Amino acid sequence: MRAFANFILRGRLQALLVTAAAALLTLMLPLFSHVAGGALALVTLRNGLVEAALIAIGAALALAALGHATQLNSELVNVVVLAMVLLMWAPVLIAANVLRATRSIELTLAALGALIAAAVLLFHMYVGDATAWWRNALEDVLMPVLQQLDIPVAGGDRGLLIDAMSRMMTGVLAATVLFTAMINLFIGRWLQSLVFNPGGFGEEFRSIHLGRPMAITAVVILVLGSFLEGWIGNLAVNLMFLVGAIFALQGLALAHAVSAILRAHSAWLIVLYILMLFALPQVALVLSAAGFADSWLDVRARLKARQGGGTT
């Protein structure tokens, strides 16, 4: 992987080739999106935002040109490329630039979370009733697919499914954007450490701890979403998904830290990642709860103190 990182950093053409190829492969296997995002994060961390933005634009143009040349639906190609740029690449470019300036993953995670929360707020202000907006969009897009494929729905009422999805779509999308951007950033930071600071990313990642201010913010949002209705209540409910994603990342860092402190076998972490592949929502919920608790209890500090006490 060190050779791969060096290849990306060799020049603009190499970085563009990796990003464009990974973006194309993403259409067949979504996991390749992390290769493209990680490459852009690495370039940003090493060479700055402008250089990485040029590569992202070049890769997007190459992907769009290839899509049109293969006689695919031009509107579909444009939508896919635009979604990739806005929802995958732009957030990781911003996050990597913040990390490059602050050298703090915690500040980067908090800053990206605040930026996405502001976007959620602006979206709610712009559309007025976000639930109704998503209901109309899903009825236009999802309902025909469900009817054409005759996909069975629990309870048999596709309208109820769309209503349920409409209430949470903004939050789920926000959480997905944040989680994807941070995973891509972690990959870029890891690649950078392989070249310039071997082992450095592991220590940096395991130390992620957002502290009690973020936990208090989560409690406030939870209370607002639980007891208020209308515009504010709906906004709070959607922000709960975003906060959950933030704490899930801290929970993942906590799992790595506990494994390192206790010198546990790496198989435990391998099992965790396999579970994330097949049951991400459920695993993310557990990790989020662990990360939230860690913000209050500082589990790592307690374990280190206990380990230190046991060796004296």
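Just above, that's the structure.
Thresholds, definitions, all that
Residue numbering note: each chain is counted from 1, following its sequence as written. Two thresholds apply to this predicted model, a pLDDT of at least 70 for residue-level local features and 80 or more for giving and counting side-chain atom pairs, whereas whole-chain, interface and lining totals are computed over all residues. The basis for every side-chain value is the complete set of heavy atoms in the structure, and neither hydrogens nor water enter the calculation. Strands are runs of DSSP state E lasting at least 2 residues, helices are runs of H or I lasting at least 4, and numbering of each runs from the N terminus. As defined in this context, the radius of gyration uses C-alpha atoms, and a globule is described by 2.2 Å times the residue total to the power 0.38. Buried, partly exposed and exposed residues are distinguished by accessible area as a fraction of the type maximum, computed with a 1.4 Å probe on protein chains only: under 20%, between the cut-offs, and over 50%, respectively. Any two residues whose heavy atoms approach within 4.5 Å at even a single point are treated as in contact. Only the protein chains shown count as cover for residues, and the accessible areas themselves come from Shrake-Rupley with a 1.4 Å probe. One side-chain nitrogen of Lys or Arg within 4 Å of one carboxyl oxygen of Asp or Glu is enough to make a salt bridge. The span you would expect from a helix comes to 1.5 Å times its residue count less one. Arc definition: directions from the helix axis to the C-beta atoms. By the criterion applied in these results, polar contacts are pairs of N or O atoms within 3.5 Å in which, for protein atoms, one can donate a hydrogen and the other can accept it, and in which residues neighboring in sequence qualify only through two side-chain atoms. Two rings from Phe, Tyr or Trp (for Trp, the six-membered ring) form a pair when their centres sit within 6.5 Å of each other. Planes less than 30 degrees apart are called stacked, planes more than 60 degrees apart edge-to-face, and all others tilted.

### Comments concerning the overall build of the protein chain
Assigned secondary structure in the protein chain consists of 14 helices and 0 strands. Ordered by position from the N terminus, the helices and strands of the protein chain form the series α-α-α-α-α-α-α-α-α-α-α-α-α-α. Computed over the C-alpha atoms, the radius of gyration of the protein chain is 21 Å, within 12% of the 20 Å expected from 2.2 N^0.38 for a compact globule of 312 residues. In the protein chain, which comprises 312 residues, the share counted as buried stands at 40%. Residue pairs at least 24 apart in sequence account for 72% of intrachain contacts in the protein chain once pairs closer than 6 positions are excluded. On the protein chain, roughly 16,800 Å² of surface is accessible, and the fraction owed to carbon and sulfur atoms is 69%.

### Some points on the pattern of salt bridges
Applying the stated criterion across every chain, the model contains 4 salt bridges. For the salt bridge of Arg12 with Glu51, the shortest nitrogen-to-oxygen distance reads 2.8 Å. Of this pair, Arg12 sits in helix H2 (residues 12-26) while Glu51 sits in helix H4 (residues 49-69), and the two are 39 residues apart along the sequence. Its relative accessible area of 48% is what places Arg12 among the partly exposed residues. Judged by its relative accessible area of 18%, Glu51 falls in the buried class. A salt bridge links Glu204 to Arg189, with the shortest nitrogen-to-oxygen separation between them at 2.9 Å. Of this pair, Glu204 sits in helix H9 (residues 200-206) while Arg189 sits in helix H8 (residues 158-196), and the two are 15 residues apart along the sequence. On the basis of relative accessibility, which here comes to 17%, the residue Glu204 falls in the buried class. Given the relative accessible area of 15%, Arg189 is considered buried.

### Things to note about the environment of Thr102
Locating Thr102 in the fold gives a position in helix H5 (residues 74-102). Residue class for Thr102 comes out partly exposed when judged on its relative accessible area of 35%. In this structure, Thr102 is in contact with Leu107 and Thr108, ignoring residues within four places of it in sequence.

### Digging into helix H10 (residues 211-227)
Between the first and last C-alpha of H10 there are 25 Å, a value that for 17 residues agrees with the 24 Å anticipated at 1.5 Å per step. Turning to H10, its buried residues are Gly211, Met214, Ala215, Ala218, Ile221 and Gly225. Taken end-on, H10 shows its buried residues confined to a sector of 120°, consistent with a single buried face. Across H10 from its buried face, at more than 90 degrees, point the exposed residues Pro213 and Phe227. If you follow the buried residues of H10, they end up packed against helix H6 (105-127), helix H11 (230-261) and helix H13 (280-297).

### Notes on the side chain of Arg300
Structurally, Arg300 is set in helix H14 (residues 299-311). Residue Arg300 is classed as buried on the basis of its relative accessible area, which comes to 5%. A polar contact of 2.7 Å, which involves the side chain of Arg300, links it to the backbone oxygen of Ile208. Sequence-distant contacts of Arg300, defined by excluding residues within four places in its chain, comprise Arg206, Ser207, Ile208, His209, Gln250, Ala253, Leu254, Ala257, Ile261 and Asp294.

### Brief notes about the packing of aromatic side chains
Where two aromatic rings form a pair, the distance of their centres and the angle of their planes describe that pair. All chains considered together, the criterion is met by 8 aromatic pairs. Where Phe186 meets Phe201, the ring centres are 6.0 Å apart and the plane angle is 50°; that geometry is what we call tilted. Highlighted residues: Phe186 in helix H8 and Phe201 in helix H9, separated in sequence by 15 residues. Assigned by exposure class, Phe186 and Phe201 land together as buried. Within the aromatic cluster, the residues linked to one another by ring pairs are Phe123, Trp133 and Trp134.

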